Structure formats: structure tokens, C-alpha cells
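# Observations on the model geometry
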Amino acid sequence: CDGGEDCPSYHFADVDSAAWYHLAVDYVVENGLMSGYGNGLFGPNDALSRAQLAQILYNQEGQPGVTGGSGFADVADGAWYGGAVTWAAANDIVTGYGNGLFGPDDPITREQLAVMLWRYARSKGHDTTQGGMVIREFSDYESISGYAMDAMNWAVNTGVISGYEDQTLRPQANATRAQAAQMLK
């Protein structure tokens, strides 16, 4: 894609057609998974929120009807992400923080994103068991939270997540919208 008028991300002033994430943004926009902010910006370097990822996966499923609530005290009835979080909770894709809270506006970390994608893949019947602990190849693998270890290993094994040039995974770092687009692609 040359970034011209036929490019799915053409109308986003902040998407550089020469950037590493360009084709990933094209993919998520073209497939209705992500959109911009409505002001001509996509925000590729902005942190992705937990609610945004729930909405992305809900979009992937065609926004099926939901009933009842999410079960999280901080997910308000009628919130733009309410149906997405309710759907994700009903399908065991999200479990929240364990204290009755989901943290919809919290930036999602790379390991949290991996866990949600791993659970989503599992809900679709994909094999999410991976042999070997390839994450040990990264110098910071010990900083991966225990609950995220299998998911991060799956994400690295399947190519959903790759490390940085300095051989780190940075599991506790916030995931950007561009990184999420690349992982989804």
C-alpha cells in the first residue's frame, strides 16, 4: 500500500505510510476491528485501553447480542464498551482484576493483551498449548506475571508478539494502538 487515496488508513493524519505499523492499521480499519477517534486521528502511539481491546474482539465477533451485565462494578450500564465487556466476560475472555473491577479505562499491558488474545483464541477452538518456553529467550521473561506465562509463551510461539531489538518482551509495558493492530493482524 502506497498510502494513497485507496489506502484504508489514508484519512488518518497521524498514520505514516512508511511506518512499521502501516499495514496493520490498514488491516484493522479495513476489517472493522478498530477505528480512529473521529477527528482524523488514529493514535498509533496512544496506549490501548482494556475496554478498547474488549470492543475490538467484540467487533471481530460481529457484536453479538448480550443480556445482563458484565458483573464488574466499574462497567456502567450504557457505557460504549458495556456490551463488549459483558460479552467478553460471558465468554471467559476477561476476568477483571479479581476484586470485582475490570478497569475499562486502564491502559492494557502487553501481557494483559496477550492473555485476552489467548483466551479469545481458546474460545474459538484454536490450539493454545505450545511446546517449549520460548519466552526464556528474552532477558526479561522473569518479569512476566504468573497468570500470563502460558499466554505470553503462546503469543511468542505463534508470532502474535515479538520482542524488541534489545531482546526484551516488556510484558508490563502499556501496549500501543499500533502494537495491538500488529498483534491482531
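Summarised in this report is the structure supplied together with it.

So, how was this worked out
- Residues numbered from 1 in each chain as written.
- Predicted model: local features only at pLDDT ≥ 70, side-chain atom pairs only at ≥ 80, totals over all residues.
- Heavy atoms only, no water.
- Helix = DSSP H or I, 4+ residues; strand = E, 2+ residues; numbered from the N terminus.
- Rg over C-alpha atoms; globule rule 2.2 N^0.38 Å.
- Buried < 20%, exposed > 50% of the residue type's maximum accessible area, 1.4 Å probe, protein only.
- Areas by Shrake-Rupley, 256 points an atom, 1.4 Å probe, with all protein chains shown as cover.
- Salt bridge = Lys/Arg side-chain N within 4 Å of Asp/Glu carboxyl O.
- Phe/Tyr/Trp six-rings, centres within 6.5 Å; stacked < 30°, edge-to-face > 60°.

The next subject is the overall build of the chain. When helices and strands are counted, the chain shows 6 helices and 0 strands. Going residue by residue from the N terminus, the α and β elements of the chain occur as α-α-α-α-α-α. Since a compact globule built from 185 residues should have a radius of gyration of about 16 Å, the 17 Å found for the chain is in line with a globular shape. Dimensions of the chain along its principal axes, counting C-alpha atoms only, are 45 × 45 × 30 Å. Counting the 185 residues in the chain, one finds 48% classified as buried. For the chain, the accessible surface area stands at approximately 9,100 Å², while carbon and sulfur atoms represent 45% of it.

What follows is about the pattern of salt bridges. For the structure on display, the rule yields 2 salt bridges. The closest approach of N and O atoms between glutamate 61 and lysine 124, which form a salt bridge, is 3.2 Å. Highlighted residues: glutamate 61 in the loop between α2 (50-60) and α3 (82-90) and lysine 124 in the loop between α4 (110-123) and α5 (149-157), separated in sequence by 63 residues. On the basis of relative accessibility, which here comes to 27%, the residue glutamate 61 falls in the partly exposed class. For lysine 124, a relative accessible area of 42% puts it in the partly exposed group. The partner of aspartate 166 in a salt bridge is arginine 170, and the shortest N-O contact between them spans 3.0 Å. Classification of aspartate 166 as partly exposed rests on a relative accessible area of 45%. Given a relative accessible area of 33%, arginine 170 falls into the partly exposed group.

Let's shift gears to the packing of aromatic side chains. Using the criterion set out here, one finds 6 aromatic pairs in the structure. Their ring planes at 40 degrees and their centres at 5.4 Å tell us that phenylalanine 72 and phenylalanine 102 sit as a pair that is tilted. Taken together, the residues phenylalanine 72 in the loop between α2 and α3 and phenylalanine 102 in the loop between α3 and α4 connect sequence positions 30 residues apart. Exposure remark for phenylalanine 102: the relative accessible area of 0% places this residue in the buried category. The rings of Tyr58, Trp87 and Tyr120 are connected pair by pair, giving a single aromatic cluster.

Geometric descriptors of this kind do not, in isolation, establish any biological role.
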